[in-house]
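An overview of the molecular structure
The lines below spell out each chain.
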Amino acid sequence: MSERNKVLAICGSTRSRSTNLNFIEAVASLSIEDFDIAIFSGLAALPHFNPDLDTDTPPAEVAAFRKLLAEVEGVLICTPEYALGAPGTLKNALDWLVSSCELYHKPVALITASTSGAKAHESLLGTLKMIDAEVVEKTQLLISFAKTKVNHQSEITDALTLQAIEELITEFALLMKQKSLV
Ligand SMILES: Cc1cc2nc3c(=O)[nH]c(=O)nc-3n(C[C@H](O)[C@H](O)[C@H](O)COP(=O)(O)O)c2cc1C
């Protein structure tokens, strides 16, 4: 029997009561039959990206982050928008992956859950495309007015959002399965 696919989830918000963390937990419970999700907890500890530090021996936090990514079949990014862009901590993390290529052809699901979120979503899709991550139409989702659609028990309270997330999970699982057969 083949092993279950593993997913690393990255929350673009470092806030303790983050709506995006609630969405990640909701995806984890809805996808229990499909894949295993571990949540990355080191986003805020990554040093500021500096090409001078991006050598064969990068900072330990960066090496650990890259190793976690290399060990999974897929990545889930769930993030708010800040000031019409991606949160700096998240963009910083992605900048560390440009040269090391852990997301190259790797299935990525992107959920932007924010008050509006359209600009950050578009910007992140551009960044992910630039580093050749495998994001398809059905593994990306913009959830506006996000705080009204999930509760603090990580239950999705909006029927259309729940349906959209279930569809995203199905497509993401399929994408990882197809990749593992290549
Ligand atoms: C500094 C700051 C800037 C923000 N800018 C935006 C924005 O440009 N667009 C938007 O949709 N929401 C913006 N928001 C609202 C956040 O999207 C909203 O608070 C979201 O729920 C935060 O995600 P979280 O609950 O996962 O922490 C901003 C919030 C903060 C604190």
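Shown above is the structure to which this text applies.
A few points on the structure. Values in this document were obtained by computation on a predicted structure and should not be read as measured data. (Residues numbered from 1 in each chain as written. Predicted model: local features only at pLDDT ≥ 70, side-chain atom pairs only at ≥ 80, totals over all residues. Heavy atoms only, no water.)

1. Overview of the site of the ligand
Going by this rule: Being near a molecule or strand, for a residue, comes down to having at least one heavy atom within 4 Å of it. Residues adjacent in sequence count toward polar contacts only when both atoms are side-chain atoms; beyond that, a polar contact is any pair of N or O atoms within 3.5 Å, and within protein one must be able to donate a hydrogen and the other to accept it. Side-chain classes are defined by residue name, with Ala, Val, Leu, Ile, Met, Phe, Trp, Tyr, Cys and Pro counting as nonpolar, Asp, Glu, Lys and Arg as charged, and the others, Gly among them, as polar.
Taken together, the neighbourhood of the ligand is formed by 15 residues, with Arg-15, Ser-18, Glu-81, Ser-114 and Ser-116 sitting nearest. Interatomic distance of 2.7 Å between a side-chain N/O atom of Thr-19 and an oxygen atom of the ligand. A breakdown of the residues in the shell around the ligand according to their chemical character gives four nonpolar, eight polar and three charged.

2. Here's the deal with the sheet that holds strand β5 (residues 140–143)
Test applied: Pairing between strands is defined by DSSP: at least two bridges between them are needed. Starting at the N terminus, helices and strands are each numbered in turn, a helix being any DSSP run of H or I of at least four residues and a strand any DSSP run of E of at least two. Lines fitted to C-alpha atoms define the axes here, with helix axes fitted over just the stretch in contact, and angles between the N-to-C directions of these axes take values from 0 to 180 degrees. Contacts: residue pairs with any heavy atoms within 4.5 Å of one another.
Spatial strand order, β2-β1-β3-β4-β5: five strands in an open sheet with parallel pairing. Edge positions in the open sheet fall to β2 (36–39) and β5, since each of these has one partner strand only. Going from strand to strand, the sheet's axes swing by 20 degrees on average, the running direction of each strand aside. Looking at chain direction, strand β4 (residues 108–113) and β5 are connected through four bridges and run parallel. Its bridge partner being in β5, Thr-112 is matched across the sheet by Leu-142. In this fold helix α1 (residues 19–30) packs onto β1 (6–11), β2, β3 (74–79), β4 and β5, with an angle of close to 145 degrees to the strand it touches most, β3.

3. Thoughts on helix α5 (residues 159–181)
Note: α-helices contain 3.6 residues per turn, so residues at a spacing of three or four share the same orientation. What counts, and what does not: What a helix should span is 1.5 Å times the count of its residues minus one. Partly exposed residues are those whose accessible area sits between 20% and 50% of the maximum for their type, while under 20% is buried and over 50% is exposed, using a 1.4 Å probe and protein chains only.
Over its 23 residues, α5 runs 33 Å from end to end, which matches the ideal 33 Å to within 8%, given 1.5 Å per residue. When α5 is considered as a whole, its buried residues turn out to be Thr-161, Ile-165, Leu-168, Ile-169, Phe-172, Ala-173, Leu-175 and Met-176.

4. Quick word on the pairing of β3
For the record, the criterion: For the handedness criterion, the strands are oriented away from the viewer, and a crossover whose path from the first strand over the helix to the second runs clockwise is classed as right-handed.
Burial analysis of β3 places six of its six residues in the buried class, which makes it a mostly covered element. Side chains Gly-74, Leu-76 and Cys-78 of β3 all project onto a buried face; the interleaved residues Val-75, Ile-77 and Thr-79 project onto the opposite face, where all are buried too. Two elements, β1 and β3, share five bridges in a ladder whose sense is parallel. Paired with Val-7 across the bridge in β3 is Gly-74. Examined bridge by bridge, β3 and β4 share five bridges and lie parallel to one another. The residue bridging Leu-76 from the neighbouring strand is Ala-109, located in β4. Crossover β3 to β4 through helix α3 (residues 88–95) is right-handed.

Any functional reading would require information that these geometric values do not contain.
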